[in-house]
Amino acid sequence: MPLYQEKKRGSPEGLWFVPAAAYTGLMRSLREGDDTTVHHMAAKAIENISTVLSGPSHHLVTTEIGAALWYLFTHSTVEAVRVTAISSLSRLTRVVPAIFLSVIDTCGPAAILEGIGGAGARVQQHLLTAVAAALLTSCTQTHRVTQNRDLVLKVLRCLESPSTITRAKALLLLLLLIQDNRHTLLYCCQNRLVIYLERDLRKATPLRENLSQSGYLSQCLNLLIAYLSSTAPVIMEDVLCTLRGVIGRRHPTTAQSKQLKQTLPTLSIVLDLVSSQVFRSHIVAGQFLAQIGLLLNFIASVESNETNLASAMGTAICEDLIRTSLSIVEVLSQHHALISPYHSDVVDAILPPLTTMAFSKNVEWSVFVLRVLSELSLILLVQDGVDTEVKEERTEENKERNEKEGQAAEERGDGLSCITESLLSRYETLLRAPEPIPLHALKLLVSMTEHNSQTCRLIKRSRILPMVFQLIMANRSNVISGIVQNAVVLLCNLSEGTIQDQQPLYQQGLIEVVVCTLSEAALAHLDREEHAGRKVGHVVLQALLELLHNVLKQTSVVVRSALQSQRLSCPAAETEAAEKLLLANRPLSQLSTHLIHMVQATDRSDWSECPEGAELMSLLHDMTTSNRYHTDVTGLAADILQEISES
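Rules of the game
- Throughout, residues of each chain are indexed from 1 in the direction in which the sequence is written.
- Reporting of local features is limited, given that this is a predicted model, to residues whose pLDDT is at least 70; pairs of side-chain atoms are given and counted only at 80 or more, and all residues count toward the totals for whole chains, interfaces and linings.
- Computation of side-chain values covers all heavy atoms of the structure but excludes hydrogens and water.
- Helix and strand assignments come from DSSP, with helices taken as H or I runs of at least 4 residues and strands as E runs of at least 2, each series counted from the N terminus.
- Three labels apply to residues, based on accessible area from a 1.4 Å probe with only protein chains included: buried if under 20% of the type maximum, exposed if over 50%, partly exposed otherwise in between.
- Every residue pair with non-hydrogen atoms within 4.5 Å of one another is taken to be in contact.
- Only the protein chains shown count as cover for residues, and the accessible areas themselves come from Shrake-Rupley with a 1.4 Å probe.
- What makes a salt bridge here is a side-chain nitrogen of Lys or Arg within 4 Å of a carboxyl oxygen of Asp or Glu, nothing more.
- Lines fitted to C-alpha atoms define the axes, with helix axes restricted to the stretch in contact, and inter-axis angles between N-to-C directions lie between 0 and 180 degrees.
- Roughly parallel means an angle under 35 degrees; roughly antiparallel means over 145; roughly perpendicular covers 65 to 115; every other angle is labelled oblique.
- Two helices cross in a left-handed way if the nearer one is turned anticlockwise from the farther one by less than a right angle. They cross in a right-handed way if the turn is clockwise.
- Amino acids outside the nonpolar list (Ala, Val, Leu, Ile, Met, Phe, Trp, Tyr, Cys, Pro) and the charged list (Asp, Glu, Lys, Arg) are all regarded as polar, and Gly is one of them.
- Every residue gets a pLDDT, meaning the predictor's confidence in that residue, from 0 to 100.
- Here, the term nonpolar core denotes a set of buried Ala, Val, Leu, Ile, Met, Phe, Trp, Tyr and Cys residues that are joined through side-chain atoms within 4.5 Å.
- In this analysis, the expected span of each helix is defined as 1.5 Å times one less than the number of residues it contains.

## Thoughts on the overall build of the chain
Here is step 1: Across its full length, the chain carries 38 helices and zero strands.
Here is step 2: For the chain, buried positions account for 49% of its 647 residues.
Here is step 3: Within the chain, counting contacts between residues at least 6 apart in sequence, those at least 24 apart form 73% of the total.
Here is step 4: Surface exposure of the chain reaches about 31,600 Å², of which carbon and sulfur atoms provide 52%.

## Some thoughts on helix α17 (residues 267–274)
Here is step 1: The element α17 is largely enclosed, with a buried count of six among its eight residues.
Here is step 2: The complete set of buried residues in α17 reads L267, I269, V270, L271, L273 and V274.

## Describing the pattern of salt bridges
Here is step 1: Summed over all chains, the structure comprises 13 salt bridges.
Here is step 2: Connected via shared salt-bridge partners are K44, E47 and R91.

## Examining the packing of helix α4 (residues 36–50) against helix α5 (residues 63–75)
Here is step 1: In contact at an axis separation of 12 Å, α4 and α5 are set at 135° when each is read in the N-to-C sense. The orientation of α4 relative to α5 falls into the category oblique. As for the relative orientation of α4 and α5, their crossing is left-handed in sense. Note on element contacts: α5 touches α4 through I65, L69 and L72, opposite H39, A43 and I46.
Here is step 2: Of the residues in the contact of α4 with α5, the class split is five nonpolar, one polar and no charged.

## Regarding the confidence of the model for the chain
Parts of the prediction with low pLDDT should not have their coordinates interpreted in detail.
Here is step 1: When the pLDDT values of the chain are averaged, the result is 79; 79% of them are 70 or greater.
Here is step 2: Ranking the helices and strands of the chain by mean pLDDT puts α17 first, with 95, and helix α25 (residues 399–412) last, with 47.
Here is step 3: Overall, residues 383–397 carries pLDDT values under 50, and its contacts beyond four positions in sequence, including any with other chains, amount to 23 contacts.
Here is step 4: Across residues 404–409, where pLDDT falls below 50, the model places four contacts with residues more than four positions away in sequence or in other chains.

## A word on the nonpolar core
One recurring pattern in soluble globular proteins: nonpolar side chains tend to sit buried together.
Here is step 1: Among the nonpolar cores identified, the biggest contains 190 residues, and F100, I350, L354, Y427 and L491 are the most heavily contacted of them.
Here is step 2: The dominant element in this core, judged by the number of residues it contributes, is helix α15 (residues 211–244), at 12 residues.
Here is step 3: Look past the residues within four positions of I350 in its chain and what remains in contact with it is L289, I292, G293, L296, V329, D345 and L376.

## Quick word on the side chain of S257
Here is step 1: Position of S257 among the secondary structure elements: in helix α16 (residues 254–263).
Here is step 2: The contacts of S257, once residues within four sequence positions are left out, are P252 and A312.

## Brief notes about the side chain of T355
Here is step 1: Relative to the helices and strands, T355 resides in helix α23 (residues 343–357).
Here is step 2: Its relative accessible area of 1% is what places T355 among the buried residues.
Here is step 3: Excluding its chain neighbours within four sequence positions, the residues that come into contact with T355 are L373, S422 and L423.

## Quick word on helix α33 (residues 510–526)
Here is step 1: Taking 1.5 Å of rise per residue, the 17 residues of α33 would be expected to cover 24 Å, and the 24 Å separating its terminal C-alpha atoms lies within 8% of that figure.
Here is step 2: Among the 17 residues of α33, 12 are classified as buried, and the element is accordingly described as predominantly covered.
Here is step 3: Listed in full, the buried residues belonging to α33 are L510, I511, V513, V514, V515, T517, L518, S519, A521, A522, A524 and H525.

Structure follows, in structure tokens:
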């Protein structure tokens with residue numbers, strides 16, 4: 001009715017002027033008596049009038065009527081009366097926030113937010129609206145609320161409401177609270193705020209049956225997400241400023257210690273935000289990665305005891321700082337598409353301090369960094385490998401285009417040179433370190449050699465190979481261990497290429513390692529009862545067989561080339577090289593028995609249906625009829641052929 005007449009006659013102020021007698025009557029109806037119907041009608045009248053109020057000059061806009069409506073809301077036992085009372089108070093507060101601020105001053109924030117807990121959805125919505133409208137104009141009351149963790153938790157629990165509108169209004173109130181105090185944001189993140197936002201973002205897609213509600217929730221989410229995304233770089237800058245003041249100091253001042261304790265714990269907010277797919281893409285940029293690089297440099301100083309924070313903050317907080325910083329980098333390293341455009345920022349800012357921390361005396365930090373470097377190498381070295389290939393394949397037709405690509409590669413930086421200078425030159429230290437550092441060091445080598453041939457050449461000519469062979473031989477009795485598995489995979493990566501590239505491997509004892517390790521792996525594969533880890537052993541065995549295949553394939557190429565040169569009456573150098581290679585590979589013949597036994601142990605029901613099976617049967621038949629093989633091998637080949645024919 002009021003809205004209808006407002007549209008019809010114009011100004012609501014003149015039309016709905018409330019005389020003093022009517023105002024007195026409404027107040028008496030709210031305060032006196034116990035007739036719930038009268039209370040309800042009085043509250044409803046105020047609610048109707050408050051919908052068209054546009055200024056604070058109205059008789060209804062007083063703190064007395066606010067107190068009366070709050071009293072009716074808290075003391076009435078009729079739900080309809082309570083809903084109407086809090087709805088009226090909420091509408092009046094939107095006109096003049098001082099009305100509800102006086103209620104907060106009188107009752108206290110705890111009493112106000114106590115009504116949120118067990119209330120229905122409509123009551124929660126009106127109460128959240130009133131609190132947000134009031135706090136928007138009072139920094140003092142906002143600060144009072146943020147100082148009480150229980151009150152903040154009550155607002156957070158509203159995000160579990162099935163009502164879309166309730167959750168949206170709770171998000172707006174939380175936005176006000178976390179803007180007042182960064183530690184409130186930290187507390188909210190510790191109590192699943194990011195999880196609530198991720199869930200609601202999935203549900204905020206406008207629904208056919210209720211477009212307005214889901215759209216409102218989406219708008220509230222966007223406001224909070226935009227604020228939180230912009231907060232992460234600000235927190236990083238605050239943390240960096242605090243650390244700059246104490247870097248290199250053995251004994252920070254009392255004021256610096258206090259600032260450290262207040263600022264450094266907020267770094268976990270950045271970790272929570274970066275770990276979420278909702279915020280990650282909004283936060284990660286060149287400037288942010290540069291901040292991470294500076295942070296890692298400070299962390300390296302703290303970890304090496306050049307800067308003593310433990311005396312100012314305690315060992316636990318200091319360790320949390322290091323762990324949180326490395327966890328942020330770990331999250332970034334796991335999202336290749338996100339950081340690939342910032343190749344140069346990662347190489348210049350993040351990679352140098354990480355390679356330094358890889359040699360930390362603390363086993364936990366060393367392992368953590370090696371794990372992160374393994375992920376980063378898949379991005380940095382693959383790109384550098386591609387850039388190298390692009391440069392090598394230049395032609396006249398695409399020379400100009402490749403020059404641009406080469407220039408872009410130089411601008412991005414050279415990750416390989418950083419790793420070579422800072423990491424590979426001291427890598428044997430990691431391989432000699434206590435467990436589990438050697439295992440993760442081998443995993444990093446596997447990642448580095450998987451897609452970058454230049455890295456393979458550097459490792460072959462370094463002092464790393466002897467240590468890798470020593471690790472394999474020291475653990476050959478346990479071929480299913482992670483050290484043996486990763487070391488063998490590394491050798492597989494290194495065994496690609498020509499025979500000339502493999503000379504360092506042969507000189508370091510590759511053949512002996514292959515014979516010993518493959519023999520143990522074959523026994524582990526065949527002995528199912530004593531080796532419970534047969535599945536892992538199978539992975540090692542597969543890598544060993546691939547390594548053996550690479551060696552034999554390269555040997556075959558050299559021998560065939562020598563035979564061809566001999567027919568063409570070429571110099572005898574190639575023939576001599578082939579003979580030396582065959583002599584070096586002669587111990588591999590010891591593996592024939594193991595290989596045949598493994599063939600016997602496999603399922604042969606469908607051999608005749610595949611080309612590989614037919615080729616193997618032909619080879620076995622040749623072994624039984626030829627005089628070139630040892631009698632033991634000939635006998636085993638005959639046994640296998642007999643079993644195949646019977647199966």
